[in-house]
Every structure is written in structure tokens, then in C-alpha cells.
Amino acid sequence: MNPETLQSFFGWCTVINVGILVFWTVALVSARSWVYRFHGKLFRLSEEKLSAIHYTLLGGFKMAIILFTLVPWIALKLIS
């Protein structure tokens, strides 16, 4: 696989993953009560615990995007 193909792959992975992150964040902000009501029924957790879980997962996902898609894309851009 050549560097241009890898660069394109990691670029599109980054775009798709950031889109998922934005959608998830917007869903939490705009439909907060529905999200907590839905998850609260499924897992029987308080709103505070669900908030902590969601924000921890959002932060982990953001770090994974940076480490596994954005950094390789930048590295490939630099070497090409």
C-alpha cells in the first residue's frame, strides 16, 4: 500500500470519527433528558453517574481519534 492511499485512508477515518463525535455530543446536549431517561431505564443509574460515564467515553473516544487516526494522517502528510 502506498503512502498516498494510507494518507487518504487516515484522513477519511478522521473525518468520519470526528463526525461521530460531533453527533454524539450534539445528541447529548440537545436531547439530554431523553438520553438519560432511556439509559436510566436500561442500566438503572443516576443522572450524575450517566453524565460521568458519557463524558468519560467522549474523552476517551476523542483521544483515540487523535492517537489512531489524526496523528498517523499528520505523519503521512509530513513525509510526503
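Quick note: structure is the one above.
Quick caveat, the model's predicted, so the values are computed rather than measured.

Rules of the game
- Residues numbered from 1 in each chain as written.
- Predicted model: local features only at pLDDT ≥ 70, side-chain atom pairs only at ≥ 80, totals over all residues.
- Heavy atoms only, no water.
- Phe/Tyr/Trp six-rings, centres within 6.5 Å; stacked < 30°, edge-to-face > 60°.
- Helix = DSSP H or I, 4+ residues; strand = E, 2+ residues; numbered from the N terminus.
- Buried < 20%, exposed > 50% of the residue type's maximum accessible area, 1.4 Å probe, protein only.
- Patch = residues over 30% accessible without salt bridge, like charges linked within 9 Å, V, L, I, M, F, W, Y side chains within 5 Å.
- Areas by Shrake-Rupley, 256 points an atom, 1.4 Å probe, with all protein chains shown as cover.
- Salt bridge = Lys/Arg side-chain N within 4 Å of Asp/Glu carboxyl O.
- Expected span 1.5 Å × (residues − 1).
- Contact = heavy atoms within 4.5 Å.

Draft legend 1. Geometry of the packing of aromatic side chains. Evaluation of the coordinates by the stated rule reveals three aromatic pairs. When the centroid spacing of 6.1 Å and the interplanar angle of 50° are considered together, the rings of Trp24 and Phe61 count as tilted. Taken as a pair, Trp24 in helix α1 (residues 3-30) and Phe61 in helix α3 (residues 47-79) lie far apart in primary sequence, 37 residues in all. Owing to a relative accessible area of 22%, Phe61 belongs among the partly exposed residues under this scheme. Ring plane angle 10° and centroid distance 5.3 Å describe the contact between Trp34 and Phe38, whose orientation is recorded as stacked. With Trp34 and Phe38 both in helix α2 (residues 32-43) and four residues apart, the pair spans about one turn of that helix. Given a relative accessible area of 40%, Phe38 falls into the partly exposed group.

Draft legend 2. Up close: a nonpolar patch on the surface. On the surface, Trp34, Phe38, Leu42, Phe43, Leu45, Ile53 and Leu57 cluster together into a nonpolar patch covering about 690 Å² of accessible area. Counting residues per element, the ones that place at least two in the nonpolar patch are α2 and α3. Looking at the nonpolar patch element by element, the count peaks at four residues for α2. Under the relative-accessibility criterion, Leu57 is labelled partly exposed at 47%.

Draft legend 3. Region of the structure containing α1. Along its 28 residues, α1 runs 40 Å from first to last C-alpha, staying within 8% of the 40 Å computed at 1.5 Å per residue. When α1 is considered as a whole, its buried residues turn out to be Gln7, Phe10, Gly11, Thr14, Asn17, Leu21 and Leu28. Looking at the buried side of α1, the elements it contacts are α2 and α3.

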